[in-house]
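Now for the letters of each chain:
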Amino acid sequence: MKPVPHATSLRRAPVQRRSAERLTRILDACAGLLDEVGYDALSTRAVAQRAGVPIGSVYRFFGNKREMADALAQRNLERYVERVTERLDKARTGDWRAAMDAVLDEYLAMKRTAPGFSLVDFGNQIPVGSRHDEPNTRVSDRLTELLAGYLGRTPGPDLRRVFLVAVESADTLVQLAFRIDPQGDEAVVSETRELLRAYLARVLD
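What this report covers is the structure whose coordinates are included nearby. (Residues numbered from 1 in each chain as written. Predicted model: local features only at pLDDT ≥ 70, side-chain atom pairs only at ≥ 80, totals over all residues. Heavy atoms only, no water.)

Note on placement: V84 falls in helix α4 (residues 65–90). When its relative accessible area of 0% is taken as the criterion, V84 is described as buried. Spatially, the C-alpha atoms of V84 and A99 are 8.2 Å apart, while their sequence positions differ by 15 residues. (Helix = DSSP H or I, 4+ residues; strand = E, 2+ residues; numbered from the N terminus. Buried < 20%, exposed > 50% of the residue type's maximum accessible area, 1.4 Å probe, protein only.)

Dropping the structure here:
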């Protein structure tokens, strides 16, 4: 079963397998409908109908569609970290360029294929929560913890700052690439990769 969001994003965390499976169906339905109708037209009732669950099941987990979108964003982040981890398991430990390629490539793959991702992402398009929980900060924190061990480095404040700048820069440029081309303009993606390599080389080489 795919990961479900951390319990703090839910009214009530699923305890039994059946409840977790129902939550997964709700989030899958939410993602599909986001692609079809957009966020403004999204409704909890439509999600319940698509998921094949009573409307009360949706409200058992979420108070409104904004909370549901945030939970989907959190699930996207969990799946993203999982995909990057799988790539790193096959790469040579300490190779930061391979790690950077994994981070960028898996983000592009989800951007192109994951339902609802183009709107919700990791929360970028529908901001939820306090400033401390801004999506790019969440992403960079997770990547710092993941990559520090892989690179044999201590996840201190300097490394966290470097990865936050890299994530913010890459996010802005990837958004540009997808504004130019719905599948991501390859020239802009290539420039993004070169920019990240040049920036990270001064710290990680």
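There is more to say after this.
This part takes up the packing of α4 against helix α5 (residues 96–113). In the contact formed by α4 and α5, the axes pass within 9 Å of each other and the chain directions differ by 135°. The pairing of α4 with α5 is recorded here as oblique in orientation. In the packing of α4 onto α5, the handedness of the crossing is right-handed. Only A99, D101, A102, V103, D105, E106, Y107, A109 and M110 of α5 make contact with α4, whose side of the interface consists of N76, R79, Y80, R83, V84, R87 and L88. Broken down by class, the residue content of the contact of α4 with α5 amounts to 9 nonpolar, 1 polar and 6 charged. (Axes fitted to C-alpha atoms, helices over the stretch in contact; angles between N-to-C directions. Parallel < 35°, antiparallel > 145°, perpendicular 65-115°, else oblique. Left-handed = near helix turned anticlockwise from the far one by under 90°. Contact = heavy atoms within 4.5 Å. Nonpolar A, V, L, I, M, F, W, Y, C, P; charged D, E, K, R; others polar.)

One pass over the full model with this rule turns up 19 salt bridges. The partner of R83 in a salt bridge is E106, with the nearest N and O atoms 2.8 Å apart. Of this pair, R83 sits in helix α4 while E106 sits in helix α5, placing them 23 residues apart in sequence. Between R197 and D101 there is a salt bridge; the shortest N-O distance is 3.2 Å. Of the two residues, R197 sits in helix α9 (residues 186–204) while D101 sits in helix α5, which places them 96 residues apart along the sequence. The network of salt bridges with shared partners includes R83, R87, D101, D105, E106, R193, E194 and R197. (Salt bridge = Lys/Arg side-chain N within 4 Å of Asp/Glu carboxyl O.)

Let us now look at helix α2 (residues 44–51). Within α2, the full set of buried residues consists of T44, V47, A48 and A51. Take α2 and look down its axis: the buried residues cluster within an arc of 100°, on one side only. For α2, the exposed residues set more than 90 degrees away from the buried face come down to R45 and Q49. Looking at the packing, one finds that the buried side of α2 touches α1 (17–37), α3 (55–61) and α4. Once α2 finishes, G52 follows within two positions and takes phi at roughly 70°, a positive value. (Arc of directions from axis to C-beta.)

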